[in-house]
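Fold and contact review
Next come the chains, spelled out residue by residue.
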Amino acid sequence: MDALAVSPNVVWVFAAICAALLCASAISVLLARSAGPDGHRELRLRIRSWWLMVAVFAAALTLHRNLTLIFFAFVSFLALKEYLSLIPTRRSDRRVLFWAYLTIPAQYVWVGMEWYGMFIIFLPVYVFLFLPLRMVLIGETTEFLRAAGTVHWGLMTTVFSISHVAFLLVLPESRNPVAGGAGLVLYLVLLTEANDIAQYLWGKSLGRRKILPKVSPNKTWAGFLGGVVTVTVLAVMLAPYLTPLDPLHASVAGVLVGIGGFVGDVVISAVKRDIGVKDSGALIPGHGGILDRIDSLTYTAPLLFHYLRYLSF
Amino acid sequence: MIRALRWLFFAVVARLIVLVVLGLNVRHRERLPTSGPAIIVGNHNSHLDTLVLMTLLPLELLPRVRPVAAADYFLGKGLLSWFAINIIGILPLERRPVRGVDPLAACSSALTQGDILILYPEGTRGEPEELGAFKSGIAHLAARCPEARTTPVYMKGLGKALPKGEALLVPFFCDVFVGEALHCDGNRRTYMASLQAAYEALAEEAGDRRPPRATAMPPP
């Protein structure tokens, strides 16, 4: 394991993820056989994309610390680009949007420097104050508030929130001897995605009463609660291998991810509904755009990060 | 040497800009021509249009692909002219025809050789994200080379990324919609009408419901 920058536990959990994906692939093949060649095409596409995403994520997480940071910076870039391509923007703000993109390398440099103070105030304070100033210097006042508000909301969602995943990586290794920062990143991402899948499966099989019919007509109470329970069990099971959390604290982490993931999902759904699109893009076959995939993470990443930081670091 | 530079530019620089900095969502990619002679028609909002259309085609076709570009804009400006001719590989077109000179001669001979031409019938980049009136030169060309099929491509988003008169590229995803190939049976009027209809359909698929302005019709 010397070639890898991570502890053996992280590798074992990745092996378990591959085993679970193998099961999913096998089930989808069996389903397809009973339903004909065109049956469950969407599901097969989805699972194939999962394989690819797990492979890329595993490579980015295990090879080198800086590679992981660049990977998450690129995820932020794709998500911000997708967001800015969806929302109406003013032509006069081209330079403002360029500055908005430049905040991505800056934010991830603070992470790489392990400079927590700057990391935590850069976007909410300095960028928040600077971008409206840049807009004022250009001088266009029509729709000023909407432009300033939408750009900042996008930066907080796609850059500030997602960079919390990266900051987990640089938390002091000594406080998490079982798996280090990479273990915490894997814990967060795995729980968040497992929650998405569990909510979907519970909702499909048992869901009846709609939870937020105006925002997301497919979300049900059974899906939401089933997801929270499933992810809490998973959080307690995985905690000893990846985190310094004891079972009680791990169960709270699971509830946080379950609720946070649901909220992140429906908030991005509300944004898409406002803009009038079904998917945020077409980057990931079977899933939609990158925002469709990381919507839950925009809530779970800062929530779990500050919870862990308060408890252990 | 120059051919290698051209290949390198499109294999690395153009693909980096188009696929990573911008990012494409392509619908109906299978409708693109796989060999020449062919005409690819695009709506024109940005210098990036040509890079995107050339990136859509596989690199093996690169020696065959010739974007038709305004001679008055691209020729005679030193470095720009060298870059346009050698790297992009433009086929210069006189926008103000000279009496007695056939402005489409170079285009039709390229088609006879089996090249793939990229043409912007709006004639200029125009206002960002707006479709201008089509000029009828394309119909004359298509009528002369009936074996060349015309594939309309509608691009959305590039006028935001790099509009006319701006030098700063701001990343935006670009949506590309490829239409069904059209034939010209010699009747330029019906050809222009079907090209116009194809664009309206693609614009509607792209969510841009505003119909394009009236076409300048070729004389019957």
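Within any chain, residue numbers begin from 1 and follow the written order of that chain's sequence. Starting at A for chains and at 1 for ligands, labels are handed out in the order in which the entities are written. At least 70 in pLDDT is required for a residue's local features to be given in this predicted model, at least 80 for side-chain atom pairs to be given and counted, and no such filter applies to totals for whole chains, interfaces and linings, which use all residues.

**Thoughts on the overall build of chain B**
Think of it this way: any DSSP run of H or I at least four residues long counts as a helix, any run of E at least two long counts as a strand, and we number them from the N terminus. Scanning chain B from N- to C-terminus turns up 8 helices and 7 strands. This radius of gyration counts C-alpha atoms alone. The globule rule is 2.2 Å times how many residues there are, raised to the power 0.38. At 16 Å, chain B has a C-alpha radius of gyration in line with the 17 Å of a compact globule built from 220 residues. To sort residues by exposure, count the other C-beta atoms lying within 10 Å of each residue's C-beta; 20 or more gives buried, 12 or fewer gives exposed, and values between give partly exposed, all with C-beta atoms placed from the backbone. Classification of the 220 residues of chain B by burial places 39% in the buried group. Each residue gets a C-beta atom placed from its backbone, and two residues are in contact if those atoms lie within 7 Å. Taking the contacts inside chain B whose residues are at least 6 apart along the sequence as the reference set, 74% of them involve residues at least 24 apart.

**Here we look at the overall build of chain A**
When helices and strands are tallied, chain A shows 11 helices and 0 strands. Listed N to C, the secondary structure of chain A is α-α-α-α-α-α-α-α-α-α-α in terms of helices and strands. Radius of gyration (C-alpha) of chain A: 20 Å, near the 20 Å computed for a compact globule of 313 residues. Taken over 313 residues, chain A has a buried fraction of 43%.

**Side note on the interface of chain B and chain A**
Facing the 11 residues of chain B at the interface are 13 residues of chain A. For the side of chain B that touches chain A, the per-class residue count stands at 6 nonpolar, 3 polar and 2 charged. Basically, the charged four are Asp, Glu, Lys and Arg, the nonpolar ten are Ala, Val, Leu, Ile, Met, Phe, Trp, Tyr, Cys and Pro, and anything else, Gly included, counts as polar.

**Remarks on helix α5 (residues 105–112) of chain B**
Residue and element names in this part refer to chain B. Three or more residues of α5 are buried, namely Cys107, Ala110 and Leu111. Taken around the axis of α5, the buried residues stretch over an arc of 100°, which confines them to a single face. For α5, the exposed residues set more than 90 degrees away from the buried face come down to Ala105 and Ser109. Phi turns positive, to about 95°, at Gly114, one or two residues after α5. In this description, one arc is meant: the one made by directions from the helix axis to the C-beta atoms.

**Digging into the pairing of strand β7 (residues 174–178) of chain B**
Residue and element names in this part refer to chain B. For β7, the buried fraction is high: 5 of the 5 residues fall into the buried class. Because side chains alternate across β7, one face comprises the buried residues Cys174, Val176 and Val178, and the other comprises Asp175 and Phe177, equally buried. Any two strands are treated as partners once DSSP identifies two or more bridges connecting them. Looking at chain direction, strand β1 (residues 24–27) and β7 are connected through 4 bridges and run parallel. Across the sheet, residue Leu24 finds its bridge partner in β7, namely Cys174.

**Topic: the environment of Glu147 of chain B**
Residue and element names in this part refer to chain B. Here Glu147 lies in the loop between α6 (137–144) and β6 (149–156). When the 12 C-beta atoms within 10 Å are taken as the criterion, Glu147 is described as exposed. Separated by 16 residues in the primary sequence, Glu147 and Leu131 have C-alpha atoms spaced 27 Å apart.

**Quick word on the sheet that holds β7 of chain B**
Residues and elements named next belong to chain B. Taken in spatial order, the 7 strands of this open sheet run β1-β7-β6-β2-β5-β3-β4, and their pairing is mixed. In this open sheet, the two edge strands, each paired with only one partner strand, are β1 and β4 (91–93). With strand direction ignored, the average angle separating the axes of adjacent strands in the sheet is 25°. The pairing of strand β2 (residues 38–42) with strand β5 (residues 116–119) spans 4 bridges and is classified as parallel. Directly across from Val41, in β5, lies its bridge partner Leu119. Here an axis means a line fitted to C-alpha atoms, over the contact stretch when the element is a helix, while the angle between two N-to-C directions is reported on a 0 to 180 degree scale.

**Section: the confidence of the model for chain B**
Here chain B averages 87 in pLDDT, and 94% of its residues register 70 or above. Per the prediction output, this complex has pTM 0.90; the corresponding ipTM is 0.85. Values of pLDDT, which run from 0 to 100, indicate the predictor's confidence residue by residue.

**Details of the packing of helix α4 (residues 94–112) of chain A against helix α6 (residues 144–170) of chain A**
All names here are of chain A. Across the interface, α4 lies against α6 with an axial gap of 9 Å and an inter-helix angle of 15°. In terms of axis orientation, α4 runs roughly parallel to α6. Where α4 crosses over α6, the handedness of that crossing is right-handed. Only Val151, Leu155, Val159, Ser163, Ala166, Phe167 and Val170 of α6 make contact with α4, whose side of the interface consists of Val96, Leu97, Ala100, Thr103, Ile104, Gln107, Tyr108 and Val111. Looking at the contact of α4 with α6, its residues break down into 12 nonpolar, 3 polar and no charged. Note that the term roughly parallel is reserved for angles under 35 degrees, roughly antiparallel for angles over 145, roughly perpendicular for angles of 65 to 115, and oblique for everything else. By the definition used in this description, the sense in which the near helix is turned from the far one sets the handedness, with an anticlockwise turn below a right angle giving left-handed and a clockwise turn giving right-handed.

**Digging into helix α8 (residues 188–205) of chain B**
Residues lying three or four places apart along an α-helix face the same way, a consequence of the helix completing one turn every 3.6 residues. Residues and elements named next belong to chain B. Between its first and last C-alpha atoms α8 spans 26 Å; for 18 residues at 1.5 Å apiece the expected length is 26 Å, and the two agree. Restricting attention to buried positions, one finds in α8 the residues Tyr191, Met192, Leu195, Gln196, Ala198, Tyr199 and Leu202. Projection of α8 onto a plane perpendicular to its axis shows the buried side chains occupying an angular sector of 155°, all on one side. The secondary structure elements touched by the buried residues of α8 are β2, α6, β6 and β7. In the stretch just after α8, Gly207 is the one whose phi turns positive, near 85°. To estimate the expected span of a helix, count its residues, drop one, and scale the result by 1.5 Å.

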